[in-house]
Amino acid sequence: MNKNSEKVILLGHGSGGKLSHDLISDIFVKYFSNKILSEQTDSACIPGADEGIAFTTDSYVVDPIFFPGGNIGKLAVCGTVNDLAVSGAKPQYLSASFIIEEGFSITDLEKIVSTMAEESRKAGVQIVTGDTKVVNKGKCDKLFINTAGVGYLPRKNHSISTGQKIKPGDKIIVNGSVGDHGVAILSARENMSFSVSLKSDCASLNKMIQSVLSISSGIHFMRDATRGGLATVLCELSETRGFGIEADEENIPVLSSVQSACEIFGYDPLYMANEGKVIMVIDSLDVDKVLDKLQHNTFGKKASVIGEITEKHPGKVILKTAIGGTRIVDMLTGEQLPRIC
Amino acid sequence: MKYITEFRNKEIVSRLVDYITSISKKHVRFMEVCGGHTMAIQKFGIPSLLPDNIELLSGPGCPVCVTTNLFIDKAVAYSRLENVIITSFGDLIRIPGSTSSLDREKANGRDIRMVYSILDALNIARKNPDKKVIFLGIGFETTAPTSAAAILNADAENMENFYLYSSHKIMPPAMEALIDEGVDMNGYIAPGHVSTITGSGIYKAIPERFGLGCVISGFEPIDILQSIYMLVRQYETDSPKVEIQYKRVVIPEGNVKAQEMMNKVFELHDDWWRGLGVLKNSGFALKEKYERFDAEKMLSVEVEETIEPGGCICGEVLKGIKKPSDCKLFNKVCSPANPVGACMVSNEGACHAYYRYNK
């Protein structure tokens, strides 16, 4: 491509994969640079004398706005709650900003807002501030929501979001089947002539995560596997911490409906988006009790150990394939599917 | 039968690998010429299971990868016309042309839509009678019949705003050209989907004229390993022939109805292949009877001068002469996020598969 041509934003820059990554470091971190931001964690961890604060924000542009298992409002609460929770924080307060297209149905808006209220109650957080903007028809697609959230971050959990305590031998756990959200959105798209009896996994995981943190001090890292899926989280982790990761495809839970849809469309479930999945790296000594705790929670019934941290092949994720072969797992490039969250 | 789990059974895989190892004495190189095979081989880590004396090569089997810069440049030029909607399979949208690409044009506001089937493109044409809808027809005998069916539909409905920009190609000329060029290999893992349409007869020349084996393979790990086993057996017993491993889908005569449709709509012409140059009678163009749907005949555009990316060895990779990792650009300048050549863009491209699963 001509080197002189002006660079523009492509959909892939919003995928959560390699292009997003480069955009964040080349533009945002470059100009906003400070110690807290440069950690590039799910929530900003602001230290305090005793208890710190975790602070995060996220915008939601999912298309369609209603999908099996939720809507854009539910996503906007769960997503922000989860970003706080995986940082080891206890989510407390959210803000909610709405950018609404002229002509949008007030009934639909009320439906979405009441879902947000319900999900906030479930998660134990309050929406305490907000903003509304209306734009001309065609200047945004129906409704975009931004939420920000703050939570209390106990000192002992400070290292979770950066994974500083990760060491070789630690086990990697996921709390259930991967790819549900991505495929649910795919099936809800107008131009898709297929249907699956599948719901998005969209859920607030803070209570489940708190219950695990209360019984184990061996949680060395957590991240929610949203855009870019499980594979992208594992790749980022091995790259930033400089360890290798060995994962076992056979142990990664994938629903058969998700597997089938991915086979048909040529997607890889490991890269499909989730909205209720957390990847945990934990001390191997705590594996049994953490798994037991997770499996007793509604959102962790299929929790399983999918791999481990190793000193071998630093910076690389090696997957043992279901047939017994091995291959590398790399970060998502380009967009697998735009506007999934 | 779920057609997935059964064909990924670990015990059967391990037994097949043992069979292959026990009969394979000589060093062999087999080439697959289907993007689906490239992808499956890397995704399941099949090379890591095979004995060292068996090498797998990727040939020109990814439709996007054999598409020339000129095709992309012309598609970009079409997208800049007034009142035009470009419809295309996803992969093609990211292929860099000489100075632009379809995703850049899309970011600049051109109406470029990704579709999963040409029938979706037909629907877009029906819904937008005041726009000219162009479908970028790429792919081999697998996708050509769907383009043929769409043209027949458009003809029956007397549509006046639907066009095909055809770069459809057929596989055998490329397979024969590679052997003619002296690419070092001992047999073909032949494409399963192409053969579903064409049947097995199209590969006749490969054993007869060139003395190489040819096994039509399915896409699951067990299919591929069984095909490798069959190829090794042919090679070790010096009995090259065309065999069908993918019997649950492919029959010797192929899909006759689809063939009839293709023959009705298309005729063969000499066509450009990235890396291979012009191959005689290797591409499908619309017959005169259907030329009113032929974008190239009906819509004139000025196409910029083609610039080939410097240093890119896609051509040699497509021929199996070099591995993606032999390229100076690989994983430095050229990556899936910033592809230089087409082989790095498509999921099914050799460079992309190699980057993603084997880097």
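Residues numbered from 1 in each chain as written. Chains lettered and ligands numbered in written order. Predicted model: local features only at pLDDT ≥ 70, side-chain atom pairs only at ≥ 80, totals over all residues.

### Here's the deal with the overall build of chain A
Consideration 1: Within chain A, the secondary structure is distributed over 9 helices and 14 strands.
Consideration 2: Counting only C-alpha atoms, chain A reaches 55 × 50 × 50 Å along its principal axes.
Consideration 3: Taking all 341 residues of chain A together, the buried fraction comes to 48%.
Consideration 4: Across chain A, every contact between residues at least 6 apart in sequence was considered, and the portion connecting residues at least 24 apart equals 83%. (Helix = DSSP H or I, 4+ residues; strand = E, 2+ residues; numbered from the N terminus. Buried ≥ 20, exposed ≤ 12 C-beta atoms within 10 Å, placed from the backbone. Contact = placed C-beta atoms within 7 Å.)

### Focus on the domain arrangement of chain A
All names here are of chain A.
Consideration 1: Along its sequence, chain A is carved into domain 1 (39–157) and domain 2 (171–329).
Consideration 2: A straight line from the C-alpha centre of domain 1 to that of domain 2 covers 22 Å.
Consideration 3: At the interface, 24 residues of domain 1 touch 22 residues of domain 2.
Consideration 4: The element that contributes the greatest number of residues to the side of domain 1 that touches domain 2 is helix 3 (residues 72–85), accounting for 9 residues.
Consideration 5: The residue inventory of the side of domain 1 that touches domain 2, partitioned by class, reads 12 nonpolar, 6 polar and 6 charged. (Domains from an automatic or database assignment. Nonpolar A, V, L, I, M, F, W, Y, C, P; charged D, E, K, R; others polar.)

### So, the sheet that holds strand 2 (residues 54–58) of chain B
Residue and element names in this part refer to chain B.
Consideration 1: Judged by pairing direction, the sheet is parallel, and its 5 strands sit side by side in the order 2-1-7-8-9 without closing on themselves. Each having just a single partner strand, strand 2 and strand 9 (242–244) make up the two edges of the open sheet. Between one strand axis and the next, the sheet turns by 25° as a mean value, whatever way the strands run.
Consideration 2: With 4 bridges joining them, strand 7 (residues 187–190) and strand 8 (residues 213–216) adopt parallel strand pairing. By the bridge assignment, Ile-189 is partnered in strand 8 with Val-215. (Pairing = 2+ DSSP bridges. Axes fitted to C-alpha atoms, helices over the stretch in contact; angles between N-to-C directions.)

### Comments concerning the interface of chain B and chain A
Consideration 1: At the junction of the two partners, chain B supplies 30 residues and chain A supplies 24 residues.
Consideration 2: At the level of elements, helix 1 (10–23), helix 2 (35–43), helix 5 (102–107) and helix 15 (350–358) of chain B are the ones that each hand at least two residues to the side of chain B that touches chain A.
Consideration 3: Per element, the largest residue contribution to the side of chain B that touches chain A is 4 residues, and it comes from helix 15 of chain B.
Consideration 4: Per-class residue counts for the side of chain B that touches chain A are 12 nonpolar, 9 polar and 9 charged.

### Considering the environment of A:Arg189
Residue and element names in this part refer to chain A.
Consideration 1: By the element assignment, Arg-189 lies in the loop between helix 5 (180–188) and helix 6 (206–213).
Consideration 2: Among the residues examined, Arg-189 registers 14 C-beta atoms within 10 Å and is labelled partly exposed.
Consideration 3: In sequence terms Arg-189 and Pro-64 are 125 residues apart; their C-alpha atoms lie 6.5 Å from each other.

### Side note on the pairing of strand 2 of chain B
Residues and elements named next belong to chain B.
Consideration 1: Here strand 2 lies mainly inside the structure; 4 of its 5 residues are buried.
Consideration 2: Direction of pairing for strand 1 (residues 28–32) relative to strand 2: parallel, over a ladder of 5 bridges. Its bridge partner lying in strand 2, Val-28 is registered against Ile-54.
Consideration 3: Note on the crossover from strand 1 through helix 2 to strand 2: the handedness is right-handed. (Right-handed = clockwise from strand over helix to strand, strands pointing away.)

### A look at the nonpolar core
Consideration 1: Within the largest apolar cluster, 117 residues are counted, with the highest numbers of intra-cluster contacts made by B:Ile86, B:Ile134, B:Tyr188, B:Leu225, B:Ile228 and B:Cys343.
Consideration 2: Among the elements that make up this core, the one with the highest residue count is helix 11 (residues 221–236) of chain B (8 residues).
Consideration 3: Apart from residues no more than four positions distant in its own chain, B:Tyr188 is found in contact with B:Met31, B:Val33, B:Met175, B:Ile206, B:Leu212 and B:Cys214.
Consideration 4: Counting 86 residues, the second largest nonpolar core, distinct from the first, contains A:Val77, A:Ala123, A:Leu186 and A:Val317. (Core = buried A, V, L, I, M, F, W, Y, C linked by C-beta atoms within 7 Å.)

### So, helix 8 (residues 256–265) of chain A
All names here are of chain A.
Consideration 1: Looking only at helix 8, the buried set comprises Val-258, Ala-261 and Cys-262. Along the axis of helix 8, the buried positions cluster into a sector of 100°, meaning they face one direction only.
Consideration 2: On its buried side, helix 8 packs onto helix 5.
Consideration 3: One or two positions beyond helix 8, positive phi appears at Gly-266, with a value near 75°. (Arc of directions from axis to C-beta.)

### A closer look at the sheet that holds strand 3 (residues 84–88) of chain B
Residue and element names in this part refer to chain B.
Consideration 1: As summarised here, the arrangement of the 4 strands in space is 4-3-5-6, forming an open sheet in which the pairing is parallel. Bordering the open sheet on either side are strand 4 (112–114) and strand 6 (162–166), each of which pairs with just one other strand. Each strand of the sheet is rotated relative to its neighbour by a mean of 25°, with strand direction disregarded.
Consideration 2: Relative to strand 4, strand 3 runs parallel, the two being bridged by 3 bridges. Looking at strand 4, one finds that Ser-88 is bridged to Met-114.
Consideration 3: Lying over the sheet, helix 6 (residues 118–127) contacts strand 3, strand 4, strand 5 (132–137) and strand 6, oriented at roughly 170° with respect to strand 5.

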